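An overview of the molecular structure
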Amino acid sequence: MRSSLQKPVELSDQTNIVNDLGLDSVAVMDFVMEIEDRLDISVPLDRIAEIETLGDLVSTVRDLKGSA
């Protein structure tokens, strides 16, 4: 993903996945599917809609891993 960024981005919990990383809705879905595959979890669509920042993503993954 790094090579697709227009400029370097400092990653933090507040990094917005769409605005700061420049991912469109299809790229976000691909990104989430990659995380699901690597971490052996399934993120429900309603939870994906709530994820705006990297912090949101980390929180969601922690919740799902904890309930697995």
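Presented here is a report on the structure given in the accompanying data block. Quick caveat, the model's predicted, so the values are computed rather than measured.

1. What to know about the nonpolar core
Counting residues in each nonpolar core, the largest one holds 15 residues, and the members touching the most others are Ile17, Leu23, Val43 and Leu57. Broken down by secondary-structure element, the contributors of at least two residues to this core are helix H1 (25–39) and helix H3 (54–66). Sequence-distant contacts of Leu57, defined by excluding residues within four places in its chain, comprise Ile17, Phe31, Ile35 and Ile51.

2. Observations concerning the pattern of salt bridges
Scanning the entire structure with this criterion turns up three salt bridges. Notably, a salt bridge pairs Glu50 with Arg47, separated by 3.9 Å at the nearest N-O pair. One end of the pair is Glu50 and the other is Arg47, both in helix H2 (residues 45–50) and three residues apart, which spans about a single turn. In this structure Glu50 comes out as exposed when scored by relative accessible area, which is 52%. Salt bridges sharing common partners tie together Arg47, Glu50 and Asp63.

3. Focus: H3
End to end, H3 covers 18 Å across 13 residues, agreeing with the expected 18 Å (1.5 Å per residue, within 8%). Looking at H3, one finds that the buried residues are Leu54, Gly55, Leu57, Thr60, Val61 and Leu64. The elements touched by buried residues of H3 are H1 and H2.

What counts, and at which threshold
Residues numbered from 1 in each chain as written. Predicted model: local features only at pLDDT ≥ 70, side-chain atom pairs only at ≥ 80, totals over all residues. Heavy atoms only, no water. Core = buried A, V, L, I, M, F, W, Y, C linked by side-chain atoms within 4.5 Å. Buried < 20%, exposed > 50% of the residue type's maximum accessible area, 1.4 Å probe, protein only. Helix = DSSP H or I, 4+ residues; strand = E, 2+ residues; numbered from the N terminus. Contact = heavy atoms within 4.5 Å. Salt bridge = Lys/Arg side-chain N within 4 Å of Asp/Glu carboxyl O. Expected span 1.5 Å × (residues − 1).

These results come straight from atomic positions and should not be treated as a statement about function.
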